[in-house]
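Residue-level structural notes
Residues per chain, in single letters:
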Amino acid sequence: MEFRAALEKDTAGIKKLWAYSFGSQEPYFSWYFNEIYRPERTLCCFERGEPAASLQLAPYRLHLRGQEMEASYIVGVVTSPDRRGRGLGSALMGHALRELQKSGVPLALLLPACPGFYFPLGFAYCYEFNAWHIPLASLRPLARGGGEWREVDMGKDIPALRALYGAQTRGRNGFILRDEHNWCNFLAEHKGEGGFSRLWLKEGEARGYLLYALKDKVFHVTEMGFMNNEAQRAAFAFALNHGNEADSFRWRAADDDTSHLHLPQKAGISRLPFVMGRLVDAPKALQQLSFPPDLETAFTLRLRDSAASWNEDAHLLSVKEGRLQLEPFPGEADVTLGIAAFSRLFFGAASVWQLEREDALEGSGVALQKLDALFPPCHNWLNEES
């Protein structure tokens, strides 16, 4: 058994694994392997020279607690059907964590098909969303027309989309920072899956966008971005005008979006978990944070991490003049918790007090108050699936 990055000659075997588990629908399959796939970002477990398991590491930049941080989105985790049940997938994930830590990437994300596989590896749900699946006609109280809709022009509209995305993410946490390259890939993937892209203009200014697909009589929103409530209501009106093509409406809304509170009935709205997160290198991630300059505190913290032993040392955390310092600490720590719980806290997906109620941490009241001051909960939003 050998763990290493793929080479160009391994691509055919990796395509075979991918197609078996994820399908090979065109044009998406060819687009992905021509435009996104990179052998050097693909880790494999080889047996007798063939890939028995593989995964890909997609690099992203996250806006997390006011900082720009490098992260890797782990996608395409698959094991050959003839070699399952032998722990190859878990071993490959452990290898991926080591490789990310060596390369200085402190965070990892993934969208789980089988969450139970990732829990023992220290991953935890760090993102949720409000899932809409309602009759299209139910949008009527939210809809208000006006303005002008037109097809997105990838040659000239990326700056407008980036500005609208900035408005969409304002006050939110954990989102992916999209540059022009990210936007082009996002739109190309959406189009390759049969999607449409529209821009909403008012008085000549772009104030909203809507990425959507029409399939099986469903108006499925891939992403909705808007400058204000007026633009959002225009998007609902645009969807409502598709009564010939759809009879229901699906949308993965941000968990802090409150527009569902104005619907005439609440059936068809549910809160669902989405993307998992993990601290790959907790000390490195902690030292990238900044804090209010008047916040001064100190306490000791020990993490438990069976899949990444480099995170397990206890540290004295001290914050002064906006920066956090770490020093090794040999004694009994003020606070102890596992890496999954600390990842939720770090990402802002859970509060200290929520983790305490779940018996997910141990610590004195004073130390927990100090920890809470450093890591208040946040409104997380992320829409990428890979």
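Just so it is clear, the structure is predicted and the values come from calculations on it, not from any experiment.

**Concerning the overall build of the chain**
Assigned secondary structure in the chain consists of 11 helices and 20 strands. Over its C-alpha trace the chain gives a radius of gyration of 22 Å, about what one expects of a compact globule, namely 21 Å for 386 residues. For the chain, the C-alpha atoms occupy an extent of roughly 65 × 60 × 40 Å along the three principal directions. Taking all 386 residues of the chain together, 53% fall into the buried category. Sequence separation of 24 or more characterises 72% of the internal contacts of the chain that already satisfy a separation of 6 or more. As displayed, the chain has an accessible area near 17700 Å², and 48% of this comes from carbon and sulfur atoms.

**Quick look at the nonpolar core**
With 77 residues, the main nonpolar core has Leu 107, Phe 342 and Phe 346 as its most contacted residues. Excluding residues within four positions of it along the chain, Phe 346 makes contact with Leu 64, Arg 65, Met 69, Leu 107, Leu 279, Ala 285, Leu 286, Leu 289 and Phe 375. Ranked by size, the runner-up nonpolar core spans 27 residues in total, among them Ala 143, Phe 219, Ala 231 and Leu 263.

**Quick look at the pairing of strand 15 (residues 276–279)**
Going residue by residue along strand 15, you find Met 276 and Arg 278 tucked away on one face and Gly 277 and Leu 279 tucked away on the opposite face as well. Sheet topology places strand 5 (residues 107–110) next to strand 15; four bridges connect them, and they run antiparallel. Pairing of Leu 109 across the sheet is with Gly 277, part of strand 15. Pairing geometry for strand 6 (residues 124–125) and strand 15, over two bridges, is antiparallel. Its bridge partner lying in strand 15, Tyr 125 is registered against Met 276.

**Describing the packing of helix 5 (residues 158–169) against helix 6 (residues 180–192)**
When two helices pack together, their arrangement is given by the angle between the helix axes and by the axis-to-axis distance. Contact geometry for helix 5 and helix 6: axes closest at 10 Å, N-to-C directions at 95°. One finds that helix 5 runs roughly perpendicular with respect to helix 6. Residues Ile 158, Leu 161, Arg 162 and Tyr 165 of helix 5 touch helix 6, and the partners they reach there are Glu 180, Trp 183, Cys 184 and Leu 187. Split by residue class, the contact of helix 5 with helix 6 holds six nonpolar, no polar and two charged.

**Let's talk about the sheet that holds strand 7 (residues 128–135)**
Here we have seven strands laid out as an open sheet, ordered 8-10-11-12-13-7-14, and mixed in their pairing. What marks the edges here is a single partner per strand, and that holds for strand 8 (148–151) and strand 14 (269–273). With strand direction ignored, the average angle separating the axes of adjacent strands in the sheet is 25°. In this sheet, strand 14 lies alongside strand 7 in antiparallel orientation, the contact comprising five bridges. Residue pairing across strands places Trp 132 opposite Ile 269, the latter belonging to strand 14. Packing of helix 5 onto the sheet brings it into contact with strand 10 (196–202), strand 11 (205–215) and strand 12 (218–226), and relative to strand 11 it is tilted by some 90°. Against the sheet, helix 6 contacts strand 10, strand 11 and strand 12, and its axis sits at roughly 35° relative to strand 11.

Conventions and cut-offs
- Residues numbered from 1 in each chain as written.
- Predicted model: local features only at pLDDT ≥ 70, side-chain atom pairs only at ≥ 80, totals over all residues.
- Heavy atoms only, no water.
- Helix = DSSP H or I, 4+ residues; strand = E, 2+ residues; numbered from the N terminus.
- Rg over C-alpha atoms; globule rule 2.2 N^0.38 Å.
- Buried < 20%, exposed > 50% of the residue type's maximum accessible area, 1.4 Å probe, protein only.
- Contact = heavy atoms within 4.5 Å.
- Areas by Shrake-Rupley, 256 points an atom, 1.4 Å probe, with all protein chains shown as cover.
- Core = buried A, V, L, I, M, F, W, Y, C linked by side-chain atoms within 4.5 Å.
- Pairing = 2+ DSSP bridges.
- Axes fitted to C-alpha atoms, helices over the stretch in contact; angles between N-to-C directions.
- Parallel < 35°, antiparallel > 145°, perpendicular 65-115°, else oblique.
- Nonpolar A, V, L, I, M, F, W, Y, C, P; charged D, E, K, R; others polar.

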